[in-house]
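Topology and contacts: notes
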Protein chains: 2
Amino acid sequence: MTDQNAHLPTVLAHAEANLDASLGRLFDLVRIPSISTDPAYKADCLRCAEWLAADLAGTGFDASVRLTTGHPMVVAHDQSGEGPHVLFYGHYDVQPVDPLNLWNSDPFEPVLAPQPNGDTHIVARGASDDKGALFTFLEACRAWKDVTGKLPIRVSVLLEGEEESGSPSLPAFMETAAEELKADVVLVCDTDMWDDATPAITTMLRGIVKEEFWVRCADRDLHSGIYGNAARNPIQIVADIIASLRRPDGGVALEGFYDGVKDLPPQLAERWLKEPFDEQKFLGDIGLSIPAGERDRTVLEQVWSRPSFDVSGISGGYAGEGFKAVIPAEANAKLSFRLVEGQDPDKVQQAFRAHVRARIPADCSVEFANHGSSSATVMPVDSPLLRKALDALKDEWGRSAIAGTGGSIPIATVFQERLGMDSLLVGFARFDNRIHSPNEKYDLSSFRKGIRSWIRILAAFAA
Amino acid sequence: MTDQNAHLPTVLAHAEANLDASLGRLFDLVRIPSISTDPAYKADCLRCAEWLAADLAGTGFDASVRLTTGHPMVVAHDQSGEGPHVLFYGHYDVQPVDPLNLWNSDPFEPVLAPQPNGDTHIVARGASDDKGALFTFLEACRAWKDVTGKLPIRVSVLLEGEEESGSPSLPAFMETAAEELKADVVLVCDTDMWDDATPAITTMLRGIVKEEFWVRCADRDLHSGIYGNAARNPIQIVADIIASLRRPDGGVALEGFYDGVKDLPPQLAERWLKEPFDEQKFLGDIGLSIPAGERDRTVLEQVWSRPSFDVSGISGGYAGEGFKAVIPAEANAKLSFRLVEGQDPDKVQQAFRAHVRARIPADCSVEFANHGSSSATVMPVDSPLLRKALDALKDEWGRSAIAGTGGSIPIATVFQERLGMDSLLVGFARFDNRIHSPNEKYDLSSFRKGIRSWIRILAAFAA
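Residues numbered from 1 in each chain as written. Chains lettered and ligands numbered in written order. Predicted model: local features only at pLDDT ≥ 70, side-chain atom pairs only at ≥ 80, totals over all residues. Heavy atoms only, no water.

**Looking at the relation of the copies chain B and chain A**
Selection criterion: Only residues with pLDDT of at least 70 in both copies contribute their C-alpha atoms to the least-squares superposition of the copies. Contacts are residue-level and defined by heavy atoms, with any inter-residue pair within 4.5 Å sufficient.
Once turned by 179 degrees and shifted 0.0 Å along the axis, chain B lies on chain A with an RMSD of 0.1 Å. Those values place the two copies in the arrangement expected of a two-fold rotation axis. With an isologous cut-off of 70% or more, the 100% of interface residues of chain B that recur at the interface of chain A puts this contact in the isologous class.

Here it is as structure tokens:
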């Protein structure tokens, strides 16, 4: 096993020398517009899965594309190593790109953009979330195989194409492929660093309930002069509902929402207070300065360990240029609740729908759609593999941290609930990567040091 | 002058015999997509003005197209008659047609749609508002000229192309053409009937303040997982503002909004109570049953004599299929206040903007645009011309009524303020004409009896 540590410098040097080729492969992957939520890109999602399976096969994996009722899975195995068996999980699907006019370059034609501070950004949809991130692991494997002909440990890979649209096919696939997917731990690369210089292993993930609803009133659009006052306006109803969900103190005004929500465990609270976190920089980076949300909580506490509510889309009536004096027949909103440990997604969904229904006049109607739900996940912070990974990260970066995340990675919950496997969420993404936004980017240094970090982690796990 | 009454049966019979040709001309007019609010249709608006000027010239009017900084005016005069001088006002521009998928036929390819109850609908954008309506007057003039070679009285015509977008060019044009436009009364055909069997002369018009605002928070769209709770959501702010504008009792919660608003004059209140008005039919026709708005007012009072507030459009965030977990950088709403006598549009606009500004967090911003404002108008209900017109309508329909309207016809205010002329608003439109909505229609009977009504009114004014 010291064998692996002996090879480490050579493997790192090989990855370094071949960085341009790694980047070229990433660019090819990013050029495939694999938007899972939009049916127009279904063929691109399949093409993306096929590209990845071919790439993995090229590195010596036994790789295949597995069709589902939605977008396909990519599954690959390499048994050339010994000792622990890890399952690496990533997703090859990406978010939609609108509003397209806010992009400075084609979202699916990646560019390297040098920055005034000396950084270089890889700019493209998926550059960070999750193609750039998952590719750091694939390139680390390639470097080990190129130099030693094998991997330090046993590695399986599962790449899905529906993460951005709620992973509808994943639970059933997991049941079917349970034996094949079983490993000692799941490795996930889809989270943020602690700060720009410190990679992080995330042990707390928020859950989510994603809901959409439509309020319908009159059976047609009405002239607001003829019917104004007398006819119910669905935009008013939707606005009243959204307003009613927010408490004056910034909390979420949903019946029973905070039931079961606990304060931070002392061990983590202490760690988080000791680590420096700059609220003003966190908000200043996005052009804001005043924290929203719950008044008596810190920003870090709010985004990592408190449940939240946000509207992600609203529409109704005339949206074109100029003005149209209309009372629309229908209005709509898309919203999500982020959940923490102790909250039940089904109960939150039921409380939300009851809250809405209670506010719909008897002559109007409401329709709901769910876009995915998952519970929050809390990982153990003292497992041997986590300690090895933290040390390996520290060897590469000089430091490493245990973090929470405001985001929801339902896959971690699903692995825990369905296959009894814990996940190790290792992240190299920066807060300002604009994932889900125009001009998404991944720092070239995240990509380079991400590859090097995985090379080290694979060696550490073998030791 | 009894001369005119002698001709009346012949002129009515002539119009009746030529109804198909009248309808053919209306169809040609309606086929021109003269959407004034959308710059893409600028050339169509000019073409529409040219078509109308040519049509008027064909009837013997001295007609011309007058260019403005916006869409052109059509002005025409016929001095062949004697006695009173009327100025007929109409507008040839129409509302946008979206959502296009809700139309059962091409909005600009008019169709005659027979109904189960024996009615026939002319279905097209502008079939009612205002091309169908203004054309009843033009065809009445044509019938008089065809039969007698002249008109019973002196007639001028002013047709504008910006009514649906706030008439920005009209005030300046009125100053310039003041001498030319001066007449004893303005005739307007852009209002509703009292009910399906009773034409109405509208003497109360609501004013309007049309506003749009944009709230901007972060400098980009954000991932709701990373920033949820901590970053301000502009959709929440816009929703809170809209909710805050509505009082629990259904009234408008704007500082000073009801200052100066008076109860109905007893003369009108008595008339309106005597006339039958079926609230359940009014709401039932559009698929509703419960009146919205102020709880202690009747529906008729609310839509004709009480000020109102409505949101006509809202947008923000992801509006596509599926879900995108985003906190948008910006959200937007378009809304209007309908005003009654005693309310000052400028004060309402200022109060609204102050109301909004007070609700924008210090690190966010708001921008406003005004899409037009006008005061309410109240006409005298006992002028000799109004009495003659009411009698002429009764001769044609068997009954007639004096009405209010919830709509805003700023032109009436402008004529009163700029040229000191009262307007007579004679309407043949039904409440269910779906103006500003998909499948706008005008009843063939409104068109036919509208032409006949104007033939009678012209004769009555000469008597």
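**Re the interface of chain B and chain A**
Using the following cut-off: By buried area we mean how much accessible surface two parts lose on assembly, using a 1.4 Å probe and totalling the loss over both. Just to be clear on terms, a salt bridge is a Lys or Arg side-chain nitrogen sitting within 4 Å of an Asp or Glu carboxyl oxygen. Within 3.5 Å is the distance limit for a polar contact, defined as a pair of N or O atoms, with the added protein rule that one can donate a hydrogen and the other accept it, and that residues adjacent in sequence qualify only through two side-chain atoms.
Taken residue by residue, the interface counts 92 residues in chain B and 92 residues in chain A. Overall, the association of chain B and chain A removes approximately 7,900 Å² of surface from exposure, summing both partners, and the carbon and sulfur fraction of that is 53%. Ranking the residues of chain B by area buried against chain A places N229, I286 and F323 of chain B at the top, with a combined share of 11%. Remark: the boundary between chain B and chain A carries zero salt bridges. Counting every contact that joins chain B to chain A gives 48 residue pairs in polar contact (both at pLDDT 80 or more).

**Digging into the sheet that holds strand β4 (residues 111-114) of chain B**
All names here are of chain B. Our working definition: Two strands form a pair only when DSSP identifies at least two bridges running between them. For helices the rule is a DSSP run of H or I covering at least 4 residues; for strands it is a run of E covering at least 2, with both sets numbered from the N terminus onward. Think of each axis as a best-fit line through the C-alpha atoms, taken over the contacting stretch in the case of a helix, with angles from 0 to 180 degrees between the N-to-C directions.
Spatially, β4-β5-β18 is the arrangement adopted by the three strands of the open sheet, whose pairing is antiparallel. The open sheet is flanked by β4 and β18 (441-443), the only strands paired with a single partner. Taken pair by pair, the neighbouring strands of this sheet meet at an average axis angle of 30 degrees, ignoring direction.

**Describing the side chain of S128 of chain B**
All names here are of chain B. Just so we agree on the cut-off: Note on classification: 1.4 Å probe, protein chains only; a residue is buried when its accessible area is under 20% of the maximum for its type, exposed when over 50%, partly exposed between these limits.
Its location among the elements puts S128 in the loop between β5 (120-123) and α4 (131-148). For S128, a relative accessible area of 4% gives the class buried. At a separation of 3.0 Å, a polar atom in the side chain of S128 contacts the side chain of N433. What S128 contacts, discounting residues up to four positions off in sequence, is A133, A429, N433, I435, E440, K441 and Y442.

**Overview of the sheet that holds strand β11 (residues 308-317) of chain A**
As summarised here, the arrangement of the eight strands in space is β14(A)-β9(A)-β13(A)-β11(A)-β11(B)-β13(B)-β9(B)-β14(B), forming an open sheet in which the pairing is antiparallel. Strands with a single pairing partner mark the edges of an open sheet, and in this sheet they are β14 (365-374) of chain A together with β14 (365-374) of chain B. Each strand of the sheet is rotated relative to its neighbour by a mean of 20 degrees, with strand direction disregarded. Lying over the sheet, helix α8 (residues 234-244) of chain A contacts β9 (207-216), β11 and β13 (330-339) of chain A together with β11 (308-317) of chain B, oriented at roughly 15 degrees with respect to β13 of chain A.

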